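# Summary of structural features
Residues per chain, in single letters:
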Amino acid sequence: MVRGGWEGHEPVKATEMFLPYLTEQGYEVRIEESPAVYADASVMAGADLIVQSMTMSAITKEQVAGLRAAVEAGTGFTGWHGGIADSYRESADYLQLVGGQFATHPSKEPGLCGHGASDNFLPYTVDLTDLGREHPITAGLGDFELETEQYWVLHDDLIDVLATTTHPVRPWHPWHRPITSPAIWTRLWGQGRIVVTTPGHSLDVLENPNVRTVIERGMLWATRTASAS
């Protein structure tokens, strides 16, 4: 587990929510408080899975190169919300690895905003795609509702989208038609597997049964496969 960055996402408490599950599944968990470990090739070679919660922050060229090399060689990479989709904003190499980048989370009507975090908490639906209804990470789940930050994501078409969310047209926003963003996606990179889950702003969202199920299944799915050993 690699955690840190912006404290508003509570990276320590958030990652520790999943420690019991990983232990129960037989993982030996190592915790790092910065991406410095990515530059240590000996550590990365032995990692079957990286769970990252590192919103914003910075990464060196050596560190991102080490992360990319590890994933390409079969190490799984996963995370949620800004901890993976809004990390290392200045690194184009990281963005290419993950395949999608947080752009914004639209706000409520201006008259209802109080200049707090909840200004960006909107009710929205996470809609499973046809692929998502069959994929091991999301199979058996239905579309589900949340009231939290709704991520607007810039992305490429190398991702496999398991679920989307649509930003509607509202009078106080400048766009002119609904915008659909990926909400849950996977990505194959070399021999490695990547899973990104955009909900997860706060602990209560991570405790949502649908969100938690997706994250936990995503960890298992992303973990190094026998063919990548």
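Rules used throughout
- Residues numbered from 1 in each chain as written.
- Predicted model: local features only at pLDDT ≥ 70, side-chain atom pairs only at ≥ 80, totals over all residues.
- Heavy atoms only, no water.
- Helix = DSSP H or I, 4+ residues; strand = E, 2+ residues; numbered from the N terminus.
- Contact = heavy atoms within 4.5 Å.
- Areas by Shrake-Rupley, 256 points an atom, 1.4 Å probe, with all protein chains shown as cover.
- Lys, Arg positive; Asp, Glu negative; His and termini not counted.
- Charge placed at Lys NZ, Arg CZ, Asp CG, Glu CD.
- Buried < 20%, exposed > 50% of the residue type's maximum accessible area, 1.4 Å probe, protein only.
- Polar contact = N/O pair within 3.5 Å; in protein donor to acceptor, adjacent residues only side chain to side chain.

### Digging into the overall build of the chain
- A count of helices and strands for the chain gives 9 helices and 10 strands.
- Dimensions of the chain, computed from C-alpha atoms along their principal axes, come out at roughly 55 × 35 × 35 Å.
- Expressed as a percentage of contacts within the chain between residues at least 6 apart in sequence, the contacts between residues at least 24 apart total 69%.
- Accessible surface for the chain amounts to roughly 10,400 Å². Of this, 52% is attributable to carbon and sulfur atoms.
- Each charge class in the chain was averaged separately, 15 positive and 29 negative side chains, and the resulting centres sit 2 Å apart.

### Re the side chain of Arg3
- Here Arg3 lies in strand β1 (residues 2-5).
- Classification of Arg3 by relative accessible area gives buried; the value is 6%.
- A polar contact of 3.1 Å, which involves the side chain of Arg3, links it to the side chain of Thr15.
- Polar side-chain contacts of Arg3 include one of 3.2 Å to the side chain of Glu33.
- Look past the residues within four positions of Arg3 in its chain and what remains in contact with it is Pro11, Val12, Thr15, Glu16, Ile31, Glu32, Glu33, Ser34, Ser53 and Met54.

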